[in-house]
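Overview (structure and organization)
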Amino acid sequence: MADIKSPLAQKPDYLVCTCMGVMASEIRDAIGQGNTTFEELSEVLMVGTGCNSCVPEVCDILKDEGYGC
Ligand code: FES
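This section reports on the structure supplied with the text. (Residues numbered from 1 in each chain as written. Predicted model: local features only at pLDDT ≥ 70, side-chain atom pairs only at ≥ 80, totals over all residues.)

**Description of the environment of Ser-25**
Mapped onto the secondary structure, Ser-25 falls in helix H2 (residues 24–32). In this structure Ser-25 comes out as partly exposed when scored by C-beta crowding, with 13 C-beta atoms within 10 Å. Expressed as a C-alpha distance, the spacing of Ser-25 and Asp-13, which sit 12 residues apart in the sequence, is 6.1 Å. (Helix = DSSP H or I, 4+ residues; strand = E, 2+ residues; numbered from the N terminus. Buried ≥ 20, exposed ≤ 12 C-beta atoms within 10 Å, placed from the backbone.)

Following this line, the structure appears as structure tokens:
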């Protein structure tokens, strides 16, 4: 069976957190390594520690990966 990914996961890599220079792929990698809450992602990648404008996008990725936010 084909590996079906969500539309969000099929988007080309893009910058999510401009303050800290964090790409969507880095966030997905970190989630895959067990950082499954916003707080953990914020700790390992520093996302959401600047202007906070990336928080909704980080949450969308978390939800897309099957976790809450
Ligand atoms: S864009 Fe992520 S903290 Fe500003």
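**Let's talk about the environment of Val-44**
Secondary-structure assignment places Val-44 in helix H3 (residues 38–45). Residues Val-44 and Glu-57 lie 13 residues apart in sequence; the distance between their C-alpha atoms is 17 Å. Residues within four places of Val-44 in sequence aside, it is in contact with Ala-30 and Asn-35. (Contact = placed C-beta atoms within 7 Å.)

**Considerations on the packing of H2 against helix H4 (residues 55–64)**
Between H2 and H4, the shortest axis-to-axis distance is 10 Å and the interhelical angle comes to 50°. By the angle between their directions, the pair H2 and H4 is classed as oblique. Remark: the crossing between H2 and H4 carries right-handed chirality. Contact residues: H2 offers Ala-24, Ile-27, Arg-28 and Ile-31, while H4 offers Val-58, Ile-61 and Leu-62. Of the residues belonging to the contact of H2 with H4, the class tally is six nonpolar, no polar and one charged. (Axes fitted to C-alpha atoms, helices over the stretch in contact; angles between N-to-C directions. Parallel < 35°, antiparallel > 145°, perpendicular 65-115°, else oblique. Left-handed = near helix turned anticlockwise from the far one by under 90°. Nonpolar A, V, L, I, M, F, W, Y, C, P; charged D, E, K, R; others polar.)

**Some remarks on H4**
Inspection of H4 places Val-58, Ile-61 and Leu-62 among the buried residues, and these make up the whole buried set. The buried residues of H4 all sit within an arc of 100° when viewed along its axis, so they share a single face. Of the surrounding elements, those touching the buried residues of H4 are helix H1 (7–10), strand S1 (15–17), H2 and H3. Immediately beyond the C-terminal end of H4, within one or two residues, lies Gly-66, with a positive phi of roughly 95°. (Arc of directions from axis to C-beta.)

**Focus on the nonpolar core**
Val-16, Val-22, Ile-27, Val-47 and Val-58 are the most contacted members of the largest nonpolar core, which totals 13 residues. Those elements that provide at least two residues to this core are S1, H2, H3 and H4. Once residues lying within four places of it in the same chain are set aside, the contact partners of Val-58 are Val-16, Ile-27, Phe-38, Leu-41, Val-47 and Gly-48. (Core = buried A, V, L, I, M, F, W, Y, C linked by C-beta atoms within 7 Å.)

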